[in-house]
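Read off the chains here:
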Amino acid sequence: EWSLVANAPGELPCGRSGHSVARCGNAVYLFGGYNDLTNPRVRDDLWSFDLETSTWTSLNALTEHGVAPMARYMHAAVAGADGVYVLTGMGVGVYLTDLWKFDTASSLWWKLPGAPDPERPEDGPDRFIKRQKRVEEERRRSQKQHRNRNRGNASFEASTSDGAAKEHNGDASASSEAPTDSPKSDDDALLLPQFPEARSAAAAVLLHAQHFLLVAFGRGEQTYFADCAVIDLHAA
């Protein structure tokens, strides 16, 4: 049975969508989001909700150098033992690739190494469009290679019933289609040193005693992603 949580008197965050919430200790942390009904804006505010007192607190958190994550919505957030990780999302006219940690003990933001800053349309529309075309061409080339491998394997299986000579030809055909740089195992594929492309609405989860952060799926500029990527937080 659902029940409405009554807020204690005090300042409250405004209504929004596309925000993130993550629990760390006895508090739930809310970050970012978008409100296009009153004073339309992409938000960069951080709030904590105390689960014992039902009290909201505005956290004007910065890094030691006086900066904070860019305003965003449709991003991902996940809680660790000592903080909340915020990553990717949609900023003001740009898909983001950055990774941040809010340290609940020090109340400071920390920017962690992630992907390079995304190419922004305002920095050069032609350059941005060409990059998107390269991504799409690479996706199509990968799909074509996959289809060719399947045809090669089917040819090999059919040739086994026609004798050793055809089997040899089929095997050679299948071998010629096999990629030379494929990972050795599923674990190797998961831990390739690649950060996911810029996206919004991704999901994230901590793995292996909170040593790794897995990012899954999301929406890009021209496509919906169906991939996963992992970053080693201890190496960050």
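Keep in mind that what you see is a predicted model, and the values were worked out from it rather than measured.

### Quick look at the sheet that holds strand β2 (residues 27-35)
Strand pairing in a sheet relies on backbone hydrogen bonds. The paired strands run either parallel or antiparallel. On the basis of which strands lie adjacent, the open sheet formed by four strands has the order β1-β2-β3-β4 and antiparallel pairing. The sheet is open, and its two edges are formed by β1 (20-24) and β4 (55-59), each paired on a single side. Adjacent strand axes in the sheet meet at a mean angle of 25°, parallel and antiparallel pairs treated alike. In terms of strand pairing, β2 meets strand β3 (residues 41-50) through eight bridges, oriented antiparallel. Its bridge partner being in β3, L30 is matched across the sheet by W47.

### Some remarks on the sheet that holds strand β7 (residues 95-103)
Strand order in the open sheet formed by four strands is β5-β6-β7-β8, with antiparallel pairing between adjacent strands. Unpaired on one side and paired on the other, β5 (76-79) and β8 (108-112) mark the two borders of the sheet. In this sheet, neighbouring strand axes are inclined to one another by 20° on average, regardless of whether the strands run parallel or antiparallel. As defined by bridge partners, strand β6 (residues 83-90) adjoins β7 across seven bridges and the pair is classed as antiparallel. Residue pairing across strands places L87 opposite L99, the latter belonging to β7.

### Here's the deal with the confidence of the model for the chain
Per-chain confidence: the chain averages 74 in pLDDT, with 64% of residues scoring 70 or above. The low-confidence segment residues 172-193 (pLDDT under 50) makes 14 contacts with residues lying over four places distant or belonging to another chain.

### Considerations on the pairing of β2
When you tally the buried positions in β2, you get eight out of nine residues, the bulk of the element. The antiparallel hairpin formed by β1 and β2 contains two residues in its connecting segment, where G25 sits at a positive phi of about 70°.

### Looking at the pattern of salt bridges
When charged atoms on two side chains of opposite charge get close, those side chains can pair. Within the structure shown, the criterion is met by five salt bridges. The partner of R16 in a salt bridge is D45, and the shortest N-O contact between them spans 2.8 Å. Taken together, the positions of R16 in the segment before β1 and D45 in strand β3 put the pair 29 residues apart, joining distant regions of the chain. Each member of the pair, R16 as well as D45, carries the same accessibility label: buried. In this structure, R72 engages D98 in a salt bridge whose closest nitrogen and oxygen atoms are separated by 2.8 Å. Of this pair, R72 sits in the loop between β4 and β5 while D98 sits in strand β7; the two residues are 26 residues apart in sequence, bridging distant segments of the chain. Residue class for D98 comes out buried when judged on its relative accessible area of 11%. When salt bridges that share partners are traced, they join R16, R43 and D45 into one network.

Rules and cut-offs
Residues numbered from 1 in each chain as written. Predicted model: local features only at pLDDT ≥ 70, side-chain atom pairs only at ≥ 80, totals over all residues. Heavy atoms only, no water. Pairing = 2+ DSSP bridges. Helix = DSSP H or I, 4+ residues; strand = E, 2+ residues; numbered from the N terminus. Axes fitted to C-alpha atoms, helices over the stretch in contact; angles between N-to-C directions. pLDDT = per-residue confidence, 0-100. Contact = heavy atoms within 4.5 Å. Buried < 20%, exposed > 50% of the residue type's maximum accessible area, 1.4 Å probe, protein only. Salt bridge = Lys/Arg side-chain N within 4 Å of Asp/Glu carboxyl O.

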